[in-house]
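Architecture and fold: a report
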Amino acid sequence: MSASHPLPLRGVLFDLDGTLLDTAPDLGAAVNHVLISEGFAPLPEAIIRQTTSHGALGLLKAGLGEELLEELGATRLRTALLDHYAANLCVGTRPYEGMLDLIEWLDEKKLPWGIVTNKPGFLTEPLLAALPALASCGVTVSADTLPVRKPDPAPMFFACERLGVEASHCLYVGDHVRDIEAGRNAGMRTAVAGWGYLSDDEDTADWGADLQFDTVQALHHWLRYELT
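Residues numbered from 1 in each chain as written. Predicted model: local features only at pLDDT ≥ 70, side-chain atom pairs only at ≥ 80, totals over all residues. Heavy atoms only, no water.

With respect to the sheet that holds strand β8 (residues 211–213)
Taken together, 6 strands build an open sheet; the order of strands is β5-β4-β1-β6-β7-β8 and the sheet is parallel. Looking at strand neighbours, the two that pair on one side only are β5 (140–141) and β8, the edges of this open sheet. Sheet topology note: the strand β7 (residues 189–193)/β8 ladder contains 3 bridges and is parallel. Following the sheet pairing, Ala-191 is matched in β8 by Leu-211. With respect to the sheet, helix α9 (residues 177–185) is in contact with β6 (170–174) and β7, its orientation differing from that of β7 by roughly 170°. (Pairing = 2+ DSSP bridges. Helix = DSSP H or I, 4+ residues; strand = E, 2+ residues; numbered from the N terminus. Contact = heavy atoms within 4.5 Å. Axes fitted to C-alpha atoms, helices over the stretch in contact; angles between N-to-C directions.)

Structure follows, in structure tokens:
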């Protein structure tokens, strides 16, 4: 899928979970720790991967259902999940295949890149610190960096300002409809990370993205072509 765009690309922004990093192994371990501790069956990997983009409460709802989650105490269980996750942030988490090659290439091209995520800063910062291969990240905007978060465009504009790039010259890559909405709201080119945490019932063609890539390598190939 391709799109025409009149302005040259001068920066790339990524969502974090399900786009830059495969964090499902550690988030899945955290939700299953809580479920098992409460006497319930753990979630299978396939459900975890389809639900990770919905955050801690989304994972708990997948395991318990909304009514039971409220009955048991959603705030208590969310806190327990996040506590376990924070203590085990980077056990199974890895950059997606091909992502480090892409980042190295962006650095060689001197094309600034950064992260805009709805993950809270107390999790984002130590996670990135545990992955020195991502040290060239030019800006990180977490859920609580600003008073608002995606799909509001303010985090996108903030990231572009820090990178020294106009939003209209930037590509935003994400695996959730709110990512595409945030990028579009900021006037960016947008791309669906088809390798991310997509539900079976989602039709990403409805999101209105400019581009969609099934693999990191396909994104890398497109960027090489775009910047020649």
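From this point, the discussion proceeds with the structure in view.
Thoughts on the pattern of salt bridges
The full count for this structure, using the stated rule, is 7 salt bridges. Of the charged contacts in the structure, one is a salt bridge between Arg-76 and Glu-38, with a shortest N-O distance of 2.9 Å. Here Arg-76 is found in helix α5 (residues 74–87), whereas its partner Glu-38 is found in the loop between α1 (24–37) and α2 (45–51), with 38 residues between them in sequence. We note a salt bridge from Glu-226 to Arg-189, for which the minimum N-O separation is 2.8 Å. Taken together, the positions of Glu-226 in helix α10 (residues 216–226) and Arg-189 in strand β7 put the pair 37 residues apart, joining distant regions of the chain. Given a relative accessible area of 27%, Glu-226 falls into the partly exposed group. If you follow the salt bridges from partner to partner, you end up with Asp-15, Lys-150 and Asp-179 in one network. (Salt bridge = Lys/Arg side-chain N within 4 Å of Asp/Glu carboxyl O. Buried < 20%, exposed > 50% of the residue type's maximum accessible area, 1.4 Å probe, protein only.)

What to know about the environment of Leu-68
Here Leu-68 is to be found in helix α4 (residues 66–72). Classification of Leu-68 by relative accessible area gives partly exposed; the value is 26%. A sequence separation of 64 residues divides Leu-68 from Pro-132, and the C-alpha atoms of the two residues are 40 Å apart.

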